[in-house]
Amino acid sequence: MSHSSIAEAVKVLEELLVGLDEAYWESATIEHKDFFYDIISATHSELSELAKLSVQDHHLDYEPITTEFRTARIKLGKLRKLLDDYVLRSRTASRLESLIGDTVFLSSR
């Protein structure tokens, strides 16, 4: 089984943040904004921990580091099922669906 590198994980997580940020600002309710903010916060924490690693370690296999992000992955799965309800713009929903898929794939390799 092939694993994603830390460098690949950083790229995917940064792209996920951009997509989640768009969805956050497009959200129509406070509940949806809170949902997105929780995932955004957890992803920031994960990227912060990854940034502490040496550049020489970026070829190593990626495994989620923070408990927050491990928990947020469950919410990402929920969001994937509820995209039509949580994200109003088709373009954003389509992009976010792809990014969530990349993130789940990244974490499960």
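Refer to the structure printed above.
The text that follows walks through the structure, step by step, so that each part is easy to find.

The rules we used
- Residues numbered from 1 in each chain as written.
- Predicted model: local features only at pLDDT ≥ 70, side-chain atom pairs only at ≥ 80, totals over all residues.
- Heavy atoms only, no water.
- Helix = DSSP H or I, 4+ residues; strand = E, 2+ residues; numbered from the N terminus.
- Rg over C-alpha atoms; globule rule 2.2 N^0.38 Å.
- Buried < 20%, exposed > 50% of the residue type's maximum accessible area, 1.4 Å probe, protein only.
- Areas by Shrake-Rupley, 256 points an atom, 1.4 Å probe, with all protein chains shown as cover.
- Lys, Arg positive; Asp, Glu negative; His and termini not counted.
- Charge placed at Lys NZ, Arg CZ, Asp CG, Glu CD.
- Axes fitted to C-alpha atoms, helices over the stretch in contact; angles between N-to-C directions.
- Parallel < 35°, antiparallel > 145°, perpendicular 65-115°, else oblique.
- Left-handed = near helix turned anticlockwise from the far one by under 90°.
- Contact = heavy atoms within 4.5 Å.
- Nonpolar A, V, L, I, M, F, W, Y, C, P; charged D, E, K, R; others polar.

**What about the overall build of the chain?**
Looking only at helices and strands, the chain features five helices and zero strands. Secondary structure elements of the chain, listed N to C terminal, follow the sequence α-α-α-α-α. Relative to the globule expectation of 13 Å for 109 residues, the C-alpha radius of gyration of the chain, 14 Å, shows essentially globular dimensions. Along the longest, intermediate and shortest principal axes, the C-alpha atoms of the chain span 45 × 25 × 20 Å. Residue burial in the chain is summarised as follows: out of 109 residues, 42% are buried. Carbon and sulfur atoms make up 53% of the accessible area of the chain, which totals about 6400 Å². Computing the positive centroid from 13 side-chain charges and the negative centroid from 19, the chain places the two 3 Å apart.

**A few points about the packing of helix H1 (residues 6–26) against helix H2 (residues 30–51)**
Two quantities define a packed helix pair, namely the angle between the axes and the distance from one axis to the other. Between H1 and H2, the shortest axis-to-axis distance is 10 Å and the interhelical angle comes to 155 degrees. One element, H1, and the other, H2, form an angle in the roughly antiparallel class. The two elements H1 and H2 cross, and the hand of that crossing is left-handed. Within the contact between the two elements, H1 uses Ile6, Val10, Leu13, Glu14, Leu16, Leu17, Leu20, Asp21, Ala23, Tyr24 and Trp25 and H2 uses Lys33, Phe36, Tyr37, Ile39, Ile40, Thr43, His44, Glu46, Leu47 and Leu50. Residue composition of the contact of H1 with H2, grouped by class: 15 nonpolar, two polar and four charged.

Function cannot be read off these values alone, since they describe shape.
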